[in-house]
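Tertiary structure, described
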Amino acid sequence: MRLTIIKNLACYTINSKTDCIGVGVIKGRCECGSVQYEVDGEITDFSHCHCSQCRRLHGAAFASFGGIPRDKFRYVSGESDLKTYASSEKMDRVFCGNCGSNILADFKPEPGALYITMGTVDGDPKCPPGYHQFVGSKAPWYEICDDLPRHDTWPDD
Ligand SMILES: [Zn+2]
Ligand SMILES: [Zn+2]
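Treat the numbers as computed from the prediction; the structure is a model and nothing was measured. (Residues numbered from 1 in each chain as written. Chains lettered and ligands numbered in written order. Predicted model: local features only at pLDDT ≥ 70, side-chain atom pairs only at ≥ 80, totals over all residues.)

Focus on the overall build of the protein chain
In terms of regular secondary structure, the protein chain is built from one helix and 13 strands. The order of helices and strands in the protein chain, counted from the N terminus, is β-β-β-β-β-β-α-β-β-β-β-β-β-β. Relative to its 157 residues, the protein chain shows a buried fraction of 24%. Excluding contacts between residues fewer than 6 apart, the proportion of contacts in the protein chain whose partners are at least 24 apart in sequence is 50%. (Helix = DSSP H or I, 4+ residues; strand = E, 2+ residues; numbered from the N terminus. Buried ≥ 20, exposed ≤ 12 C-beta atoms within 10 Å, placed from the backbone. Contact = placed C-beta atoms within 7 Å.)

Next up, the structure:
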């Protein structure tokens, strides 16, 4: 048995299968505290979206999302306060109906994933390298000042 440490997760590598033991829990909440959630494991995709919908919905220059497996996400409290807004046929935005905090984006073409809003995450979740998307729609008053990859629309396009 070989003990490996992957980011903040303590993982045992046994027979080439890796079983992670529970220290890698990401916690987050809305501003009023009603909606609380947990994610087992780690963020596998870290994006900063400059599209006009994200800018309006988040009231900010861009929105930051952490991609996670859907089956690793659970609500701890506040589910009755959740509201959903369909920003397009393919995208649902879930937010706290009490305080308005955006909690996650549910991109229907990816049923196995959810995109939590990084602004609601507590502490340092140890994100992978990020990237900017929909830079072609970015706010004219905001200048990107990092060396992360930039995509005019989706990263795959
Ligand atoms: Zn709230
Ligand atoms: Zn966006």
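A few points about unusual backbone geometry
The phi angle at Lys126 is positive, at roughly 55°, despite the residue not being glycine. Assignment of secondary structure puts Lys126 in the loop between strand 12 (113–117) and strand 13 (131–133). For Lys126, a count of 13 C-beta atoms within 10 Å puts it in the partly exposed group.

Quick look at the nonpolar core
Soluble globular proteins: nonpolar side chains tend toward being buried together. Judged by nonpolar contacts, the single largest core of 21 residues is most densely connected at Cys49, Phe65, Ile103, Leu104, Tyr115 and Ile116. Of all the secondary structure elements, the ones that give two or more residues to this core are strand 5 (36–40), strand 7 (63–69), strand 10 (91–96), strand 11 (102–107) and strand 12. When neighbours within four sequence positions are excluded, Phe65 is seen to be in contact with Ser47, Cys49, Ala105, Tyr115, Ile116, Thr117 and Met118. (Core = buried A, V, L, I, M, F, W, Y, C linked by C-beta atoms within 7 Å.)

Some remarks on the pairing of strand 7
If a strand is regular, its side chains alternate between the two faces of the sheet. Among the seven residues that make up strand 7, five are buried, leaving the element largely enclosed by the rest of the structure. Where strand 6 (residues 45–49) meets strand 7, five bridges bridge the pair, whose relative direction is antiparallel. Residue Cys49 lies in a different strand from strand 7, and its bridge partner there is Ala63. Pairing of strand 7 with strand 12, which is carried by five bridges, proceeds in the antiparallel orientation. (Pairing = 2+ DSSP bridges.)

Here we look at the sheet that holds strand 4 (residues 25–29)
Whether parallel or antiparallel, the strands of a sheet pair through hydrogen bonds between backbone atoms. Spatial ordering of the open sheet is given by 4-5-8, a layout of three strands whose pairing is antiparallel. Every other strand in the sheet has two partners, leaving strand 4 and strand 8 (73–77) as the edge strands with one partner each. For this sheet, the mean angle separating the axes of adjacent strands, direction not counted, is 25°. Where strand 4 lies against strand 5, five bridges are found, and the strand directions are antiparallel. The residue bridging Lys27 from the neighbouring strand is Glu38, located in strand 5. (Axes fitted to C-alpha atoms, helices over the stretch in contact; angles between N-to-C directions.)

A closer look at the pairing of strand 5
The alternating pattern of strand 5 places Tyr37 and Val39 on a buried face and Gln36, Glu38 and Asp40 on a face that is not buried. Here strand 4 folds back onto strand 5 in antiparallel fashion, the turn holding six residues, of which Gly33 has a positive phi close to 90°. When strand 5 meets strand 8, the two strands line up antiparallel, connected through four bridges. Bridge pairing links Val39 to Phe73 in strand 8.

Quick look at the sheet that holds strand 10
Reading across the sheet, the seven strands line up as 9-10-11-12-7-6-13 and stay open at both edges, with mixed pairing between neighbours. On the outer flanks of this sheet lie strand 9 (82–86) and strand 13, each paired with one strand and no other. The mean angle between the axes of side-by-side strands here comes to 30°, regardless of whether they run parallel or antiparallel.

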